[in-house]
Amino acid sequence: MASDNSSLKKKNSRLAKENQALKQANQDLSAASAAAGLNVWETEEKSGKLQLEIDNQTGQAVSDLLVLAVAANGQITLNSLPSYFPVGGAKPRYFYRKKLAIGKTEGSLTGAYAGSDMVCLFADASGVYWFKGNRGQIEKIGSQAHFKKLLRQISLNKLEESSLLVKKTEKKKKQTSKKSE
């Protein structure tokens, strides 16, 4: 009877661990699908700088948004990213914002444009960091410590926040008319 009890306890413990792993995988999947709502594309090149449009439709503000221009011929993955920016090599061209609200934003990459594809890294509202590759694939980076380690691997130890482009809107003059009596 005691061995049966021990066997059941081990089986319950194993099932509880499997259940927890499934719950975590489900959370990661829903977070990854939300992360798919962040899109970045180039709009034009002005004065040697690449102009970007960023559309955050994740349903939440994101933080530590880093967009990189990467000269690549194929799919860029989280694991392959450091190989495009070897330590001591050319510093990556980037756009960085500490906080980015929901909606569309415009910005530009630092320095001259030097890449054919764009990837982005960011943290969701729960503090989990994500990588979105040049083919739309989503990969989990993990914690801020993992994010900072990746930055060191691609020679971006110190990020300077990029400015947002301000759209100029034409002001219409208010027409006032006086009634003559």
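All residue numbers refer to position in the chain's written sequence, counted from 1. Where totals are concerned, whole chains, interfaces and linings use all residues; where local detail is concerned, this predicted model gives features only for residues with pLDDT of at least 70, and gives and counts side-chain atom pairs only at 80 or more. With hydrogens and water set aside, each side-chain value is computed from the structure's full complement of heavy atoms.

Moving on to the environment of serine 163. Counting from the N terminus, the helices are the DSSP runs of H or I reaching at least four residues and the strands are the DSSP runs of E reaching at least two. In this structure, serine 163 sits in the segment after α3 (144–153). Taking the C-alpha atoms as reference points, serine 163 and leucine 109, separated by 54 residues in sequence, lie 9.7 Å from one another. Residue contacts are defined here by distance: any two heavy atoms, one from each residue, within 4.5 Å place the two residues in contact. Dropping the residues within four chain positions of it, serine 163 is found in contact with Phe95, Arg97 and Gly107.

Let us now look at the nonpolar core. In this structure, Leu66, Leu68, Val70, Leu81, Leu121 and Phe131 are the most contacted members of the largest nonpolar core, which totals 21 residues. The definition of a nonpolar core used throughout is a set of buried Ala, Val, Leu, Ile, Met, Phe, Trp, Tyr and Cys residues joined through side-chain atoms within 4.5 Å. For the exposure calls, accessible area comes from a 1.4 Å probe over protein chains only, and a residue counts as buried if that area is under 20% of its type's maximum, exposed if over 50%, partly exposed in between. Among the nonpolar cores identified, the runner-up in size contains 16 residues, and Val67, Ala69, Cys120 and Phe122 belong to it.

As a further point, take α3. Among the residues making up α3, those that are buried are Phe147, Leu150 and Leu151. For α3, the arc enclosing every buried residue in end-on projection is 105°, short of the 170-degree limit, so these residues lie on one face. Where α3 is buried, its residues touch β3 (62–70), α2 (81–84), β6 (117–123), β7 (129–132) and β8 (138–142). Serine 155 sits one or two residues past α3 and shows a positive phi near 60°. Note that the arc is computed from the directions linking the helix axis to the C-beta atoms.

On to the side chain of glutamine 137. If you trace the backbone, glutamine 137 turns up in the loop between β7 and β8. In this structure glutamine 137 comes out as buried when scored by relative accessible area, which is 16%. A distance of 2.5 Å separates a polar atom in the side chain of glutamine 137 from the backbone oxygen of isoleucine 76. For this analysis, a polar contact is any N or O atom pair within 3.5 Å, provided that within protein one partner can donate a hydrogen and the other can accept it, and provided that sequence-adjacent residues contribute only side-chain to side-chain pairs.

Known as pLDDT, the predictor's per-residue confidence is scaled from 0 to 100. When pLDDT is averaged across the chain, the result is 78; 71% of the residues are at 70 or more. Confidence, read as mean pLDDT per element, is least for helix α1 (residues 2–35) in the chain (62) and greatest for β7 (94). Every residue in residues 168–181 scores below 50 in pLDDT, and together they form 0 contacts with partners more than four places removed in sequence or on other chains.

Our focus in this paragraph is the packing of aromatic side chains. Planes of paired rings set the category: under 30 degrees apart is stacked, over 60 is edge-to-face and the rest tilted, where pairs are Phe, Tyr or Trp rings (Trp by its six-membered ring) whose centres lie within 6.5 Å. Tallied over the full model, the rule gives 1 aromatic pair. Look at tyrosine 129 and phenylalanine 147: their rings are 4.6 Å apart centre to centre, the planes differ by 25°, and that puts the pair in the stacked class. Residue tyrosine 129 is located in strand β7, and its partner phenylalanine 147 is located in helix α3; the two are separated by 18 residues in the primary sequence. Of the two residues, tyrosine 129 and phenylalanine 147, neither departs from the other in class, the shared state being buried.

Its location among the elements puts glutamine 51 in strand β2 (residues 49–56). With 56 residues separating them along the chain, glutamine 51 and glycine 107 place their C-alpha atoms 5.9 Å apart. Ignoring anything within four residues of it in the chain, the contact list for glutamine 51 reads Trp41, Glu42, Thr43, Glu44, Lys46, Gly107, Ser108 and Leu165.

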